[in-house]
Every structure is written in structure tokens, then in C-alpha cells.
Amino acid sequence: MKICVLNYTGDRANWGCQATSRNLLGFLRSSLEGVPDLEIVTVPLPKTHPVDGLVAAAHGASIRAMYASPSPSANDLRFLHALTSERFGDILREAETADIVVFQGEGTVGPQAYLRNVQLFGPPFLAAHLWQKPVLAVNQTLYACSAADAEVVAGIFGAFALVAVREARSYAFARGIGLDELLLCPDMAFAATPAFPGPPAPVPPVPYFCISGSAVLTAHSIGSTLAAVREIAGRHGLRPVFVFSRPADGGIVRAAERSLGGIPCDVVSSDEFGHFEQILPLLAAATLVLGGRYHTSISALSEGTPVVLLPGNTFKTEGLGPMLGLEFPVISSDDVPGIVSEASRLIDAGEELRQRIRAAVRQIRSCQARFGDIIRQFVTDGVVTGTPQCLTPAPSRFPEPGPHDDLYVAKNRAPRSPLAMLGRWQLRCLRQATDFRPSLRASMARSEKARGP
């Protein structure tokens, strides 16, 4: 039994990518233990390459229409196969020769650019339509910038044998666009993680709180966030500890060095601690974690630490509180009084709140175990029967429109492409470059520094 996991990001330097992808592999191995001749292989999400934008410019309208179609033509599939084979190279054969394909969208479902090229959806779409493989879509947020995009997303996922999303906001959204045969299985980053054998990040000897970045922090909102950091530190006597694994989040650290004045703070980054497991003890001992990084928040919650949530690049963070059955609102990065008030509320709740978080995480892991039973049943029997209620809850209600929707749209809207004719000419020129094939292979390369198990 060969299973191919598409969109694997566990060997990237980003802690969040590691947490969700590595734990998914561990979950599959545990759930499928004893399956005869089990082989699990991975295909990475390619790093962005100029070909992705030019394919979108030259052929994006056709690709988008194909993704939206429940029955793409043989000619369309041959064309998509040619583009996807060019983009992925020989590694695409791992999906073609698999018995079952597992597509984990993570947080990549939503950017409009992916609806117009093959970087994300080419392999699972071919697996479902051309190779007639069962595709299990798991461990993901579903998001769309517009109703038109939502129709395309529904077309793509409607062809898969099983679809599970990872938080409550996506569950409500996916049910709303017609994906009725849908499961809610919490993000695999919630799963219990074995201790990493390397040195853990240092834990300050004084009370402290952690600050992560956000995909939507601007220069202005960084200033507001740091104003909140100063007030929380002063009001509660907590040392700020900045944690980041994305280079873009270094901006908030550089700004903090200039604006925090005499307030002592620490910085922990993936440059020194390249594996997400190394920062778990630091998050566990923090009074709280503040920020808009989704997986940093999950890792903190998994350790029983409360979170002050800021907006991310989609509404995924809004789905955490309702899924846990706890109140964790997403507060604007510019709302200094709101951030400070929420931090005070969490601190005042003390150990009682931490106990409630731990209880909610235990329920989540129980739900994940039931989802493992579903996966095993599908792999061994080819069908799913008796879905437990914890995987199919009634969808939560969310405000429409939500208070942060404009931020999400701005983050995911694709830049204007050149005219299709110009795009085709530029694509032809790119393909004639001597380094074209080597650069494509390089975009598929796995990171040695942060390679997972």
C-alpha cells in the first residue's frame, strides 16, 4: 500500500510548516500501523518560481475553468498534465504510482494565484481526474477571496474522496459552499509531539510572555503591537520574548529593539533553534503568547498556554476558539486597548484557564484519534461508515462580513497578470533559458537544515 502525501512542508525552516506536516506523517504512520507493505512518500510544495506567475498569465483562465469543472475533458487533462510534469519533474510519479493520495492544503488554500497555476492543485487534481486515485484532502483551511473563487474551490475539493478541514471557521465556510460530505479534524499541530533530542530554547528565569509575528502586520500595526507589548510588560511585570521562524517577522524584532527603550527582552529564532519541538518548553512556561502566527498559537495552546490572537493571512485563526469551546477572539493589530485588555483577562484567569485549555486539547486529540480510525477504515476497506459526531459537528456561526475580511482579501488577492499573449511569449523565453530546468529542480529541493523525520 503506497500513500503519497502532497504539499509536504515539514522540512522547511518555518516552525509552523514543520509542526503540521511532521505531525501529519506521525499521525498516518500511527493510524495505519500494521497495514501490509505500507509505504508513505512525500511530494513537497514547490517554492515559488517565475514559471508559476507566467503559467498563470499565459494559461490561468483555462486552468481556473478546468479546476471548476466536475468533468474536465481528456484534452484539458493532457494539457494540465504537461504543465504539472514540467513543474514537478520526476517526483510527480510518486503521486501517479500511489494507491492513495493524501493532499494536505495547510494554509495554502486561498491565494488566488494557486487557482491559475499548477503549483498547489495540479497534482491532486490530476490524481482525482486523470489517474482516478482516491484523494484524501486533510489538515487544511479552506478560504476564498470571493464567491467566484469559492466556486472554483468547491469544484476542486468536490472531486476528492474525503475532505477534512482543521478549524471551525473553515468548516462553516466549506459547508456553505456545498461541501456537505465534510469532516472537521483539528490541525495536526495539536497532536502530541515527542521531545526533540536537541537543546531546547532557553526559558527565562523571570515571568515572561512570547510574541510572534503575523502575515498582515504593517509598519503602522507593528508600532501598535509594540505599544501593547510595552503596556503588558509594564502592567504585569512580564519580560517580552520574541519568537520567529519567518524572516519577514524579523521586522517586528528590529522595531522592538528601537522602540522598547529600556525594557529588557529576548529573541528566539529558527537560526538557533531550527526545529519547532525546541520551542515547545518555552511556549509551555510562558504566561501567554501574543501574535497572529496560527501554528505558534496552536503550539502554545497544545502546551496549555493561553493566546492573544491577532489576524493572520486568512480567517483560520478565528476558527480556533469555537473549535476548542473557549473564548479566544481575534483582535485587530491596531487595537492597543483591546490587546492589553485581552491579555489582562487571560492573566487574571490564571491556572483555571490553563486547565480548561488542557481539557480542550485532550478532547481534540481524542477527536484526532477517531479521525485516524476513519483513515484506517478508508485505506483498508475503501469506504467510510459510522462517522463519529465529533468529526461532523453543527457549524458555528460567524459574522458576515467578519471584521478582518478586508485584510484577508488583500493578503490573498493575486497581482495583475500581464496579457495572456505577452505571458505566453515570456513563458517561452523562460523555457529557453539554460538554467530553466535546474532552477525548477532547485525549487523542489528539500531543506537540509530543518529536515524532519
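Residues numbered from 1 in each chain as written. Predicted model: local features only at pLDDT ≥ 70, side-chain atom pairs only at ≥ 80, totals over all residues. Heavy atoms only, no water.

Draft legend 1. Broad picture of the pairing of strand E8 (residues 239-244). Extensive coverage of E8 is indicated by the burial of 5 of its 6 residues. Sheet topology places strand E7 (residues 208-211) next to E8; 4 bridges connect them, and they run parallel. Note that in E8 the partner of Ile211 across the bridge is Phe242. In this fold, the crossover linking E7 to E8 by way of helix H8 (residues 219-236) has right-handed handedness. Judged from the 4 bridges that link them, E8 and strand E9 (residues 266-269) form a sheet pairing that is parallel. (Buried < 20%, exposed > 50% of the residue type's maximum accessible area, 1.4 Å probe, protein only. Helix = DSSP H or I, 4+ residues; strand = E, 2+ residues; numbered from the N terminus. Pairing = 2+ DSSP bridges. Right-handed = clockwise from strand over helix to strand, strands pointing away.)

Draft legend 2. Layout of the pattern of salt bridges. Under the criterion given, the structure shown has 15 salt bridges. Its salt-bridge partner being Arg93, residue Glu96 comes within 3.5 Å of it at the nearest N-O pair. Of this pair, Glu96 and Arg93 are both found in helix H4 (residues 93-96), 3 residues apart, which corresponds to roughly one turn of the helix. Judged by relative accessible area, Arg93 falls into the partly exposed class, the value being 48%. A salt bridge links Arg239 to Asp266; the shortest N-O distance between them is 3.1 Å. With Arg239 in strand E8 and Asp266 in strand E9, this residue pair connects regions lying 27 residues apart in the sequence. (Salt bridge = Lys/Arg side-chain N within 4 Å of Asp/Glu carboxyl O.)

Draft legend 3. The sheet that holds strand E3 (residues 100-106), seen in detail. Strand order in this open sheet of 6 strands is E2-E1-E3-E4-E5-E6, and the pairing throughout is parallel. Edge positions in the sheet fall to strand E2 (39-44) and strand E6 (182-184), since each has one partner strand and no second. Here the strands of the sheet are splayed against their neighbours by 20° on average, with no regard to which way each runs. Bridge count between strand E5 (residues 162-165) and E6: 3 bridges; the pairing is parallel. (Axes fitted to C-alpha atoms, helices over the stretch in contact; angles between N-to-C directions.)

Draft legend 4. Up close: the nonpolar core. The biggest cluster of nonpolar side chains holds 125 residues, and the ones touching the most others in it are Phe121, Phe157 and Leu290. Sequence-distant contacts of Phe157, defined by excluding residues within four places in its chain, comprise Phe103, Val109, Phe121, Ala137, Gln140, Leu142, Val163 and Leu179. Among the nonpolar cores identified, the runner-up in size contains 25 residues, and Leu32, Leu162, Cys367 and Val379 belong to it. (Core = buried A, V, L, I, M, F, W, Y, C linked by side-chain atoms within 4.5 Å. Contact = heavy atoms within 4.5 Å.)

Draft legend 5. Main features of the side chain of Gln278. For Gln278, the position within the fold is in the loop between E9 and helix H10 (280-285). Overall, the relative accessible area of 5% leaves Gln278 in the buried class. Here Gln278 is in contact with Phe196, Gly198, Pro199, Pro200, Ala201 and Phe273, once residues within four sequence places are set aside.

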